[in-house]
Amino acid sequence: MSLLDTALTRQLGIEVPLICGAMYPCSNPELVAAVSAAGGIGVVQPLSMIYVYGHDLREGLRLIRRTTDKPIGMNVLIERSSKMYLDRMKAWVDVALEEGVRFFVTSLGNPRWVVERVAPLGGVVYHDVTERKWAEKGLAGGVHGLIAVNDRAGGHAGPKSAAQLVDELGDLGVPLVCAGGVGDEAAFGAALEAGYAGVQMGTRFIATDECGAHADYKHAIVAATESDIVLTERVTGVPLSVIRTPYVERIGTKAGPIARWLLRGRRTKHWMRTIYALRSAWQLKRASLAGGAREATSKDYWQAGKSVAGIDRVEPAGAIVRRCAAALSVSGTARTARPRA
Ligand SMILES: Cc1cc2nc3c(=O)[nH]c(=O)nc-3n(C[C@H](O)[C@H](O)[C@H](O)COP(=O)(O)O)c2cc1C
């Protein structure tokens with residue numbers, strides 16, 4: 001059996017244990033379709049699909065289906081859920097199920113309601129986690145696998161390394177996916193060798209022909225080295241991994257004193273987070289799509305993780321999937337999470 005055959009590929013019916021992670025504002029239908037068509041699995045980010053790329057969710061899913069009938073996934077962000085947001089998210093999950101989506105990646109909060117909707121239809125839910133207590137909460141909610149977000153990830157990185165997470169979560173009896181820091185086929189192979197059943201990549205897939213992000217953003221990823229990646233609190237109130245542009249250098253990476261004080265208060269933290277969520281959605285969307293007519297570096301936040309180190313060109317997404325598959329062509333043992341001690 002080859003390393004291509006893992007608990008993840010079997011569960012999802014895909015050929016390569018490689019997920020293109022959901023990315024606000026970088027997930028567009030063409031990117032999701034290209035990754036799935038090549039044998040990995042692309043994950044739709046509904047907010048990005050609707051509010052960045054202007055597709056109605058159902059229409060966007062059908063657009064993907066015109067390119068490939070292979071499995072795709074959808075991201076379900078659960079936390080910060082006002083009733084209105086939660087109702088909207090539930091409606092999106094229903095639309096996705098009606099359109100044949102059977103893989104869901106939940107982030108933050110309790111994924112139970114997603115599992116209850118998805119599992120009876122034969123669907124699979126993986127939960128993003130950064131440490132064991134969130135993994136246990138996700139498993140109590142019935143999830144089928146875990147995405148272990150490590151300290152090298154793009155977006156909101158976790159506090160622990162990929163090696164620490166495979167140790168900490170390896171005995172939980174479900175497939176583990178490595179998210180963070182994987183930018184090339186060597187790192188992909190190493191993650192599977194370490195005991196992961198698959199890899200979720202984000203940053204690598206921004207620097208692709210199909211990604212809708214601005215060309216300047218893609219080239220900044222190619223040009224960046226690991227030491228150009230910094231964590232800033234100024235976008236969402238919690239550390240977000242971005243490229244250190246002149247703008248980021250100028251305004252710093254710490255939240256201002258008033259924001260920090262409001263984030264500490266039991267009541268004020270909720271509306272401070274709402275302000276951050278609304279503002280960051282706009283800022284990140286603008287940074288991803290803008291450029292062209294104006295200086296692309298002026299006030300932009302370009303999210304990226306330390307995997308920039310392994311990214312040396314903008315290329316078709318399918319080429320990345322195929323290179324990763326080829327790197328695993330040597331035979332090995334099929335992996336789930338590391339067996340219980
Ligand atoms: C630009 C960007 C936006 C992201 N947005 C989301 C998101 O909306 N939801 C989510 O669950 N994860 C999000 N992530 C995390 C990715 O899905 C993935 O786990 C992460 O990028 C893996 O790390 P890597 O960038 O080092 O490959 C985002 C990552 C990036 C780089």
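About the cut-offs
Residues numbered from 1 in each chain as written. Predicted model: local features only at pLDDT ≥ 70, side-chain atom pairs only at ≥ 80, totals over all residues. Heavy atoms only, no water. Near = heavy atom within 4 Å. Polar contact = N/O pair within 3.5 Å; in protein donor to acceptor, adjacent residues only side chain to side chain. Areas by Shrake-Rupley, 256 points an atom, 1.4 Å probe, with all protein chains shown as cover. Helix = DSSP H or I, 4+ residues; strand = E, 2+ residues; numbered from the N terminus. Buried < 20%, exposed > 50% of the residue type's maximum accessible area, 1.4 Å probe, protein only. Arc of directions from axis to C-beta. Contact = heavy atoms within 4.5 Å. pLDDT = per-residue confidence, 0-100. Salt bridge = Lys/Arg side-chain N within 4 Å of Asp/Glu carboxyl O. Core = buried A, V, L, I, M, F, W, Y, C linked by side-chain atoms within 4.5 Å. Pairing = 2+ DSSP bridges. Right-handed = clockwise from strand over helix to strand, strands pointing away. Axes fitted to C-alpha atoms, helices over the stretch in contact; angles between N-to-C directions. Parallel < 35°, antiparallel > 145°, perpendicular 65-115°, else oblique. Left-handed = near helix turned anticlockwise from the far one by under 90°. Nonpolar A, V, L, I, M, F, W, Y, C, P; charged D, E, K, R; others polar.

S.K.: Sorry, what's going on with the site of the ligand here?
M.R.: Lining the immediate surroundings of the ligand are 23 residues, of which Ala 22, Asn 75, Gln 200, Gly 202 and Thr 203 lie closest. Note that an oxygen atom of the ligand is positioned 2.8 Å from one of the backbone N or O atoms of Ala 22. Notes on the ligand: free accessible area 600 Å², of which the protein chains cover 92%. Put simply, the parts of the chain that give the shell around the ligand at least two residues each are strand S8 (198–201) and helix H10 (203–206).

S.K.: I tried to follow helix H9 (residues 185–193) on my own but got confused; where do I start?
M.R.: The periodicity of an α-helix, 3.6 residues per turn, causes residues three or four positions apart to be oriented the same way. Phe 188, Gly 189, Ala 191 and Leu 192 are the residues of H9 that are buried. Down the axis of H9, the buried side of the element spans an arc of 155 degrees, and every buried residue falls inside it. In this fold, the buried residues of H9 make contact with strand S1 (18–20), strand S7 (176–179), S8 and helix H15 (317–327). Positive backbone phi, approximately 115 degrees, marks Gly 195, located one or two places after H9.

S.K.: Explain the confidence of the model for the protein chain here, please?
M.R.: Keep in mind that low pLDDT regions are not for reading the predicted coordinates in detail. This prediction gives the protein chain a mean pLDDT of 88; 84% of its residues lie at or above 70. In this model, residues 290–295 is a region of pLDDT below 50 whose contacts with residues beyond four sequence positions or in other chains number six contacts. In this model, residues 331–341 is a region of pLDDT below 50 whose contacts with residues beyond four sequence positions or in other chains number 38 contacts.

S.K.: Is there a simple way to explain the pattern of salt bridges in this structure?
M.R.: Proximity of charged atoms lets side chains of opposite charge pair with each other. Under the defined criterion, the tally for this structure stands at 17 salt bridges. The shortest N-O distance in the salt bridge between Lys 70 and Glu 15 comes to 3.2 Å. Here Lys 70, found in the loop between helix H4 (57–67) and strand S3 (73–77), pairs with Glu 15, found in the loop between helix H1 (7–12) and S1; they are 55 residues apart in sequence, far enough to count as distant. With relative accessibility at 27%, the residue Lys 70 sits in the partly exposed group. Judged by its relative accessible area of 47%, Glu 15 is partly exposed. A single network of salt bridges, built from pairs that share partners, joins Arg 58, Arg 62, Glu 98 and Glu 99.

S.K.: Can you walk me through the nonpolar core in this structure?
M.R.: As a rule of thumb, nonpolar side chains are buried together in soluble globular proteins. By size, the foremost hydrophobic cluster in this structure holds 80 residues, and its most contacted members are Phe 104, Phe 188 and Phe 205. When residues of this core are assigned to their parent elements, the largest contribution, seven residues, is made by helix H5 (residues 83–98). Apart from residues no more than four positions distant in its own chain, Phe 205 is found in contact with Leu 18, Ile 19, Cys 20, Met 23, Leu 31, Val 35, Cys 211, Ala 317, Ile 320 and Val 321. Residues Leu 12, Ile 19, Val 124 and Ala 179 belong to the second largest nonpolar core, which totals 16 residues.

S.K.: Would you mind going over the pairing of strand S5 (residues 124–129) with me for this structure?
M.R.: Walk down a regular strand and you will see the side chains alternate between the two sheet faces. Burial analysis of S5 places five of its six residues in the buried class, the great majority of the element. The pairing of strand S4 (residues 103–107) with S5 spans four bridges and is classified as parallel. Opposite Phe 103, over in S5, you have Val 124 as the bridge partner. Between S4 and its parallel partner S5, the chain crosses via helix H6 (residues 112–118), and the hand of that crossover is right-handed. What joins S5 to strand S6 (residues 145–149) is helix H7 (residues 132–140), and the crossover it makes is right-handed.

S.K.: How should I be thinking about the packing of H4 against H5 in this particular structure?
M.R.: To characterise two packed helices, one gives the angle between the axes of the helices and the distance between these axes. Direction vectors running N to C along H4 and H5 enclose 30 degrees, while the axes themselves pass 10 Å from each other. Relative to H5, the element H4 is oriented roughly parallel. The hand of the H4/H5 crossing is right-handed. Of H5, the residues touching H4 (which contributes Leu 57, Arg 58 and Leu 61) are Trp 92, Val 95, Ala 96 and Glu 98. When its residues are assigned to classes, the contact of H4 with H5 shows five nonpolar, no polar and two charged.

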